[in-house]
Amino acid sequence: MSLSVRNSAKATSFIRQHNNAGLRYRFSMADKLRSYSFSIRDGDYEKNDDVEESKCAFLVVALFPCLVCFILLLIIVSVGGFFSVTDGDIDSETDNESDNAARSFKSRADPKEVERVCKVINELFGLDRNMEAVLDECGINLTHDLVMNVLERFRHARKPAFRLFCWAGQKPGFHHDSSTYNKMMDVLAKNRQFETMVAMLEEMGAKGVLTMDTFVIAMKAFAAAKERKKAVGIFELMKKYKYKVGVDTINCLLESLGRVKLAKEAQALFEKLRDRFTPNLSSYTILLNGGCRVRNLMEAGRVWNEMIDRGIMPDIVTHNVMIEGLLRSRKTSDAVTLFEVMKTKGPLPNVRSYTIMIQEFCKQAKMNEAVRYFDEMPDSGYQPDAAVYTCLITGFGNQKRMDMVYRLLKEMQEKSYPPDGRTYNALIKLLTSQRMPDDAMRVYKKMIQIGIQPTIHTFNMIMKSFFQSRNYDMACAIWDETS
């Protein structure tokens, strides 16, 4: 795929040529008279069967140790209590902003009361004891914040969460509001308990506590499970309860489908509902992102050009999506060219743009290129943040350049950009991947000492590392800390 920059006497947004060379698109950059184009050739997507078979064989060998660790974890789970956590899962390879946002409520509940309730559930639920009777005897002062906190702790264990929810709803003087209902809906959605989830939605409708968030949770749950028809069916429930289906709601569903790589389904839904709403910039950016996620640059080009034809100009977010799409499809040179076009023609790259480029070059072990973009940021008026430093730390660490890792950590402290949870997780991942569990534990203790809460991802990495080194006592000790 080639990308060339050129000025145009007339800003034609779309050129499409069918010939033996492939399919060409030209994308208008802004309302000024300029454009750039790239062509996609069929050869870009040819696959070699021998390479695919060798990849499969490699995966079998590589994943075997993980399978052994997983079996050992199951043994521990079978004798342990239910898993409650204090923070969300963080996986740098996936998008989880929506999950983090769902858990970003400000709680006024007494932490000691929350711990007391969680302890009762952990100790009694697995033993099939009368958990509700013990909770009754504890004299708990029920509040909505307390219920929200406990449900959050047990968001991966829907049975104890649901029993607590039902117990609280039957207590005299306490009535669930939209916040506790939505939190329980979120738990059911994450555990794919769709029948119960829909029944709860209708119960909320009968009690008059439905909110737009309720429908969004349900739509995202069905979309994540690739149940497109059921996700669309939520629109009918919205009409039943007199909620308007607007562009923001449709965009939410399109985005949910795109996140699980259902780009074709998202596009089909977009076409089906086109006469019911007016697409905006977010609509097209979401569709563009969906195409880029599945590495379908031709579809991404078509969406981009339709957006231009409708007079909607791509902003910095849209350009960043296109850069990520090009990099995901291994068109690094085209992504670099687009980045340079943005610097000269606009919109100017932002911190996110630089982070994308730095992260990609770190993945490719091209640290000189990554550092070049890093050094360029202050000249462009941006200061590197913890996310940018974390990318470089990971890149140098993977090359075992620990001198640069320590230098970057020191620079973060000097420039008042202290390492955050993702930085510490990156360090722990780096150390555990090099079979250094004791060093990873030191980083973990430092993380706790400065007040950063570990995530499930943190515990999983450390436990896996101790299992691999056959230090089962330490692995079990880490497990006990999570309970």
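Note that the structure is predicted; figures quoted are calculated from it, not measured.

### Observations regarding the nonpolar core
Nonpolar side chains in soluble globular proteins tend to end up buried together. Membership of the largest hydrophobic core comes to 130 residues, with the highest contact counts inside it found for Val150, Met197, Phe235, Leu253, Ile323, Ile358 and Leu392. It is helix 9 (residues 212-224) that provides the largest number of residues to this core, a total of eight residues. Setting aside residues no more than four positions away along its own chain, isoleucine 358 makes contact with Ala370, Tyr373, Phe374, Met377, Val388, Cys391 and Leu392.

### Brief notes about unusual backbone geometry
Cis geometry is adopted by the peptide bond preceding proline 347, which originates at glycine 346 and carries an omega value of -10°. Topologically, proline 347 is positioned in the loop between helix 16 (332-345) and helix 17 (351-363). Not every positive phi belongs to a glycine, and lysine 226 is a case in point at roughly 65°. Its relative accessible area of 53% is what places lysine 226 among the exposed residues. With a phi angle near 65°, lysine 261 is a residue other than glycine that sits in the positive phi range. Within the secondary structure, lysine 261 sits in the loop between helix 11 (247-259) and helix 12 (263-272).

### Quick notes on the side chain of serine 283
By secondary structure assignment, the location of serine 283 is in helix 13 (residues 281-293). Taking the relative accessible area as the measure of exposure, serine 283 reaches 0% and is therefore buried. A polar contact of 2.7 Å, which involves the side chain of serine 283, links it to the side chain of asparagine 251. In this structure the side chain of serine 283 is engaged in a polar contact, spanning 2.9 Å, whose partner is the side chain of asparagine 280. Sequence-distant contacts of serine 283, that is, excluding residues within four places in its chain, are made with Val247, Asn251, Phe270 and Phe277.

### So, the pattern of salt bridges
As enumerated under the stated definition, the model contains 23 salt bridges in all. Among the ionic pairs, glutamate 203 bridges to lysine 207, the shortest N-O distance being 3.5 Å. Placement of both glutamate 203 and lysine 207 in helix 8 (residues 194-207) is noted, with a separation of four residues, approximately one turn of the helix. Judged by relative accessible area, glutamate 203 falls into the partly exposed class, the value being 34%. A salt bridge links glutamate 306 to arginine 302, with the nearest nitrogen and oxygen atoms 3.0 Å apart.

### A look at the confidence of the model for the chain
Of the residues in the chain, 77% reach a pLDDT of 70 or more, and the chain-wide mean stands at 79. Scored below 50 in pLDDT, residues 1-63 makes 116 contacts in the model with residues more than four places away or belonging to other chains. Confidence drops under a pLDDT of 50 for residues 71-104, and excluding neighbours within four residues, the segment shows 64 contacts in the predicted structure.

### Observations regarding the environment of tyrosine 424
The residue tyrosine 424 is located in helix 21 (residues 421-433) in this model. What makes tyrosine 424 buried here is its relative accessible area of 6%. Separated by 23 residues in sequence, tyrosine 424 and methionine 447 have C-alpha atoms that sit 6.8 Å apart. Ignoring sequence-local partners within four residues, the contact set of tyrosine 424 consists of Pro419, Val443, Lys446, Met447, Ile450 and Ile452.

### Topic: the state of the cysteines
If you walk through the whole model with that rule in mind, you get zero disulfides. Cysteine 391 provides the cysteine sulfur closest to cysteine 362, a residue in no disulfide bond, and the two sulfurs are 5.9 Å apart.

### Regarding helix 11
Taking 1.5 Å of rise per residue, 13 residues should cover 18 Å, and helix 11 covers 18 Å from first to last C-alpha, within 8% of that figure. All of the buried residues in helix 11 are Thr249, Ile250, Asn251, Cys252, Leu253, Leu254, Ser256, Leu257 and Gly258. On its buried side, helix 11 packs onto helix 9, helix 10 (228-240), helix 12 and helix 13. Just downstream of helix 11, lysine 261 is the residue with a positive phi angle, here 65°.

Procedures and definitions
- Residues numbered from 1 in each chain as written.
- Predicted model: local features only at pLDDT ≥ 70, side-chain atom pairs only at ≥ 80, totals over all residues.
- Heavy atoms only, no water.
- Core = buried A, V, L, I, M, F, W, Y, C linked by side-chain atoms within 4.5 Å.
- Buried < 20%, exposed > 50% of the residue type's maximum accessible area, 1.4 Å probe, protein only.
- Helix = DSSP H or I, 4+ residues; strand = E, 2+ residues; numbered from the N terminus.
- Contact = heavy atoms within 4.5 Å.
- Polar contact = N/O pair within 3.5 Å; in protein donor to acceptor, adjacent residues only side chain to side chain.
- Salt bridge = Lys/Arg side-chain N within 4 Å of Asp/Glu carboxyl O.
- pLDDT = per-residue confidence, 0-100.
- Disulfide = S-S within 2.5 Å.
- Expected span 1.5 Å × (residues − 1).

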